[in-house]
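# Examining the three-dimensional arrangement
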Amino acid sequence: MIPHPALHSDLSVSCDLATGATVSGDLADAVRLALPMLDLRPGDSGEIDVRQDAALGEEAYRLTTGSRGVEIVAGGRAGAFYAAQSLHQLLPDASYRFSEQASWPVPGVRIEDAPRFPWRGLHLDVARHFFPKRELLRLIDLMAVHKLNRLHLHLVDDQGWRVESRAYPPLHEVSSHRPRTAVHAHDEPAEYDDVPHGGYYTLDDLAEIGAYARARCVTVVPEIDVPGHASAILAAYPSLGATGERYDVLDRWGISPAILSPLPPTVEFLTTIFDELIGALGETPYVHIGGDEVVLDHWGASAEITAYRGSLGLSTSVELQAWFLRRLADALAERGARAVVWDEAFVGGGLRQDTIVMPWRGMGVGRRAAAAGHDVVATPVFPLYFDYAESGSPDEPRAIGDTITVEDVAAFRPAPGDWTDDERARVVGAQAQLWSERVPDARTVDYKLWPRACALAEVAWSGGTADGFTGRLERHLGRLDAIGVEYRPLAGPHPWQRRHPHRPSRIPMSERMAHIEAMTHDPESTRPSL
Ligand code: ACM
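Predicted model, so just to flag it, every value in this text is computed and none were measured.

Within strand β7 (residues 119-125), 7 of the 7 residues are buried, which leaves the element mostly enclosed by the surrounding structure. Burial along β7 is two-sided: Trp119, Gly121, His123 and Asp125 facing one way and Arg120, Leu122 and Leu124 facing the other are all buried. One ladder, built from 6 bridges, connects β7 with strand β18 (residues 427-434); its direction is parallel. Each residue of the ladder has a partner; that of Leu124, found in β18, is Leu434. Across 5 bridges, the pairing between β7 and strand β8 (residues 150-154) is parallel. Looking at β8, one finds that Leu124 is bridged to Leu153. One crossover worth recording links β7 to the parallel β8 by way of helix α3 (residues 133-145), and it is right-handed.

What follows is the structure, given as structure tokens:
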């Protein structure tokens, strides 16, 4: 959240102030991590007095600065971390740069703060394009600055599998790369770039990402998207598919009919993968199992799968899919993790009650999930799909659709006022999605995420943006400049950020929303090739 600083007195915070109150280890650690430029030494908090008040929520804090120094009272480690982030925001933009200066004036303030929502998320699709570990660590740092606390990693899709498996090495050996990528996906015939693309995180990388995130109060939510979007898995393990047919890692966008079989070997395969992920990441309270855009045709056409369905007493492929996802959610529960799904899985029925639903097709289906007693993380395409263009200008770089502005994000309310109190109470947060079909590199990630993710951060922290957001955002951009974020300027892209003239056109929002609306009513339909 971008605070409204009240400036009325001066104080210096510096690394070498001689005295300081004793700080309980964990909370002091969090403060030190959030203020790296102060170079606070272990056991030394300068003049920052940090205390815990168990009456406050884990993420809540009080921050007081004035002539008597800086006092942080926090409910828990996260509260201390966020207090220190707010303190940092009171310092000049230069404090976000590495420099040898170690002393800045601090305005006097008294802030009492707590988040409206516990889930303040960013999703990144590392399957369509791979972003190396260093980019995830940097993204976690940026999330921490914005008090965002869930990093949802879409680790597999038709176009790639992105994590080492010691149990099933062909996943990272075969499924993690493709020889080329379509550049004009919805033109026929497609044009290809003939550039190999790939990459994966080792389990050691994943362990590091998990630990780095946890230290910064960010929880990594890994997603293994099943049973559809399965081309990459089936390139390595065709026997896990509904047809036994071998697929290639997909080199174009859109939805493929590739689907995993729901038979016991697939469940065993996936539970082994869950064990590897959870083992590497460490404490993993949530695992996303997808359930979106599944083309069930191959299940219906398979005698073996139809017979299996009958043996379970189920009469449709939709019921079988619900059974399969529930089986996986049960396996996760045995491992201490809650399942998260896209909203089609809710529409399909049969979810465990503790499964969290992400309504990407709109808040209408989100409301139905909330009314059915599921926790809901607001993830609607409009306005939380950041792969959509930032404006209607032809200068905007490649995007999957038009137009979601920073103002659209700022105006979003995750728990709408016209829902019942019970429904609103089920909304646990909001999350922006960055699908990467049109996001080939980290510079484009910066452009697409920021500053729209600043608006998301304020919405998710406070429930909605207060008056004056634009002015606060303009001031905040100086911090992003200092950190080195290549965000989209509010006036439009820099010349080097503009759309390449040969890039494909976008799909109008009305067409996209009509299709998404249609899918809400027909869980077995698929969207057209994008
Ligand atoms: C999705 O956009 N298919 C979740």
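Okay, helix α9 (residues 303-311) next. Residues separated by three or four positions in an α-helix point in the same direction, a consequence of the helix having 3.6 residues per turn. For α9, the set of buried residues is Ile305, Tyr308 and Arg309. Angularly, the buried residues of α9 cover 100° about the axis, an arc narrow enough to put them on a single face. In α9, the exposed residues that point more than 90 degrees away from the buried face are Ala303, Glu304, Ala307 and Ser311. Tucked into the core, α9 has its buried residues touching α7 (264-281), α8 (297-301) and α10 (317-334). Residue Gly313 follows α9 closely and has a positive phi angle near 75°.

Quick look at the nonpolar core now. What tends to happen in soluble globular proteins is that the nonpolar side chains get buried as a cluster. Ile224 and Trp450 are the most contacted members of the largest nonpolar core, which has 122 residues in total. Here Ile224 is in contact with Leu155, Val156, Trp161, Leu270, Ile273, Phe274, Leu277, His288, Ile289 and Gly290, once residues within four sequence places are set aside.

For the pair helix α17 (residues 452-462) and helix α18 (residues 469-483), interaxial distance at closest approach is 11 Å and the crossing angle is 120°. By the criterion of interaxial angle, the relationship of α17 to α18 is oblique. The hand of the α17/α18 crossing is right-handed. Of the residues in α18, those in contact with Cys454, Ala455 and Glu458 of α17 are Phe469, Arg472, Leu473, His476 and Leu480. Class assignment of the residues belonging to the contact of α17 with α18 gives a composition of 5 nonpolar, 1 polar and 2 charged.

Here we come to the confidence of the model for the protein chain. Averaged over all residues, the pLDDT of the protein chain is 90; the fraction at 70 or higher stands at 88%. Note on residues 1-12: pLDDT under 50 across the span, and 41 contacts to partners over four residues away in sequence or across chains. Between residues 522-530, whose pLDDT stays under 50, and residues either more than four places distant or in other chains, the model counts 29 contacts.

To continue, consider the environment of Arg97. Mapping Arg97 onto the fold places it in the loop between α2 (77-90) and β5 (103-105). According to the relative accessible area criterion, Arg97 is partly exposed, its value standing at 46%. On a C-alpha basis, the gap between Arg97 and Ala482 in space is 5.6 Å, while along the polypeptide they are 385 residues apart.

Right, let's talk about helix α5 (residues 203-215) for a bit. An ideal rise of 1.5 Å per residue puts 18 Å on 13 residues; α5 measures up with 18 Å between its terminal C-alpha atoms. Looking at the buried positions of α5, the neighbouring elements they touch are α3, β13 (219-226) and α7. Looking one or two residues past α5, Cys217 carries a phi angle of roughly 65°, positive in sign.

Taken as a whole, this structure holds 32 salt bridges when the rule is applied. A salt bridge links Arg352 to Asp330, with the shortest nitrogen-to-oxygen separation between them at 2.8 Å. Of this pair, Arg352 sits in the loop between α11 (343-348) and β16 (356-358) while Asp330 sits in helix α10; the two residues are 22 residues apart in sequence, bridging distant segments of the chain. Judged by its relative accessible area of 26%, Asp330 is partly exposed. Residues Glu396 and Arg488 are paired through a salt bridge, measuring 2.7 Å at the closest nitrogen-oxygen approach. Here Glu396, found in the loop between α13 (381-384) and α14 (406-410), pairs with Arg488, found in the loop between α18 and α19 (509-521); they are 92 residues apart in sequence, far enough to count as distant. Per residue, the accessibility class of Glu396 equals that of Arg488, and both read buried.

Mapped onto this numbering, the UniProt entry annotates "active site" (unreviewed entry) at Glu293. By the element assignment, Glu293 lies in the loop between β14 (286-290) and α8. A relative accessible area of 3% means that Glu293 is categorised as buried. Side chain to side chain, Glu293 and His229 meet in a polar contact 3.1 Å long.

Turning our attention to the sheet that holds strand β3 (residues 61-66). Overall, mixed pairing links the 4 strands, which are arranged β2-β4-β3-β6 in an open sheet. On the outer flanks of this sheet lie β2 (48-52) and β6 (109-113), each paired with one strand and no other. Averaged over all pairs of adjacent strands, the angle between their axes in this sheet comes to 10°, without regard to strand direction. With respect to the sheet, helix α1 (residues 25-34) is in contact with β2 and β4 (69-74), its orientation differing from that of β2 by roughly 135°. Packing of α2 onto the sheet brings it into contact with β2, β3, β4 and β6, and relative to β3 it is tilted by some 35°.

For the rest of this paragraph, the subject is the pairing of β8. For β8, the tally of buried residues reaches 5 of 5 residues, placing the bulk of the element in the interior. Pairing geometry for β8 and β13, over 5 bridges, is parallel. The partner of Leu153 across the bridge, within β13, is Pro222.

Before going further, it helps to spend a moment on the side chain of Ser231. Among the secondary structure elements, Ser231 is positioned in helix α6 (residues 231-236). With sequence-adjacent residues up to four places away left out, Ser231 is seen in contact with Asp158, Tyr247, Asp248, Leu250, Ser256 and Ala258.

Turning our eyes to something else, we now look at the packing of α5 against α7. Two elements in contact, α5 and α7, have axes whose closest approach is 7 Å; the angle formed by their N-to-C orientations is 50°. The angle between the axes of α5 and α7 places the two elements in the oblique class. Along the contact surface, α5 presents Leu203, Leu206, Ala207, Gly210 and Arg214, while α7 presents Glu276, Leu277, Ala280 and Leu281. Residue composition of the contact of α5 with α7, grouped by class: 6 nonpolar, 1 polar and 2 charged.

Procedures and definitions
For every chain, the first residue of the written sequence is number 1, and numbering continues from 1 along that sequence. For a predicted model such as this one, the threshold for reporting local features is a pLDDT of at least 70, and the threshold for listing and counting side-chain atom pairs is 80 or more; totals across whole chains, interfaces and linings nevertheless cover every residue. Note that the side-chain values use all heavy atoms of the structure and ignore hydrogens as well as water. For each residue, the accessible area found with a 1.4 Å probe, counting protein chains only, is set against the maximum for its type, and the residue is called buried under 20%, exposed over 50%, and partly exposed in between. Secondary structure elements follow DSSP: runs of H or I no shorter than four residues count as helices, runs of E no shorter than two count as strands, and numbering proceeds from the N terminus. We treat two strands as partners when DSSP finds at least two bridges between them. When the strands point away from the viewer and the connection leading from the first strand across the helix to the second strand turns clockwise, the crossover is called right-handed. Here, the arc refers to the directions that run from the helix axis to the C-beta atoms. The contact criterion used is simple: two residues touch if any of their non-hydrogen atoms lie within 4.5 Å. Throughout this description, the term nonpolar core refers to a set of buried Ala, Val, Leu, Ile, Met, Phe, Trp, Tyr and Cys residues connected via side-chain atoms within 4.5 Å. Note on geometry: axes are lines fitted to C-alpha atoms, helical ones only across the stretch in contact, with angles between N-to-C directions running from 0 to 180 degrees. For classification purposes, angles smaller than 35 degrees are called roughly parallel, those larger than 145 roughly antiparallel, those between 65 and 115 roughly perpendicular, and all remaining angles oblique. What makes a crossing left-handed is the near helix being turned counterclockwise from the far one by less than a right angle; a clockwise turn instead makes it right-handed. Note that Gly is not counted as nonpolar here; it falls among the polar residues with everything else outside the nonpolar set of Ala, Val, Leu, Ile, Met, Phe, Trp, Tyr, Cys and Pro and the charged set of Asp, Glu, Lys and Arg. You can read pLDDT as the predictor saying how much it trusts each residue, on a scale of 0 to 100. Given a helix with a known number of residues, its expected span is that number minus one, times 1.5 Å. Between Lys or Arg on one side and Asp or Glu on the other, a salt bridge is scored when a side-chain nitrogen of the former is within 4 Å of a carboxyl oxygen of the latter. UniProt positions are given in the numbering used here, feature names are shortened, and annotations may be inferred rather than shown by experiment. Here a polar contact is taken to be a pair of N or O atoms separated by no more than 3.5 Å, where protein atoms must pair a possible hydrogen donor with a possible acceptor and residues adjacent in sequence count only if both atoms sit in side chains.

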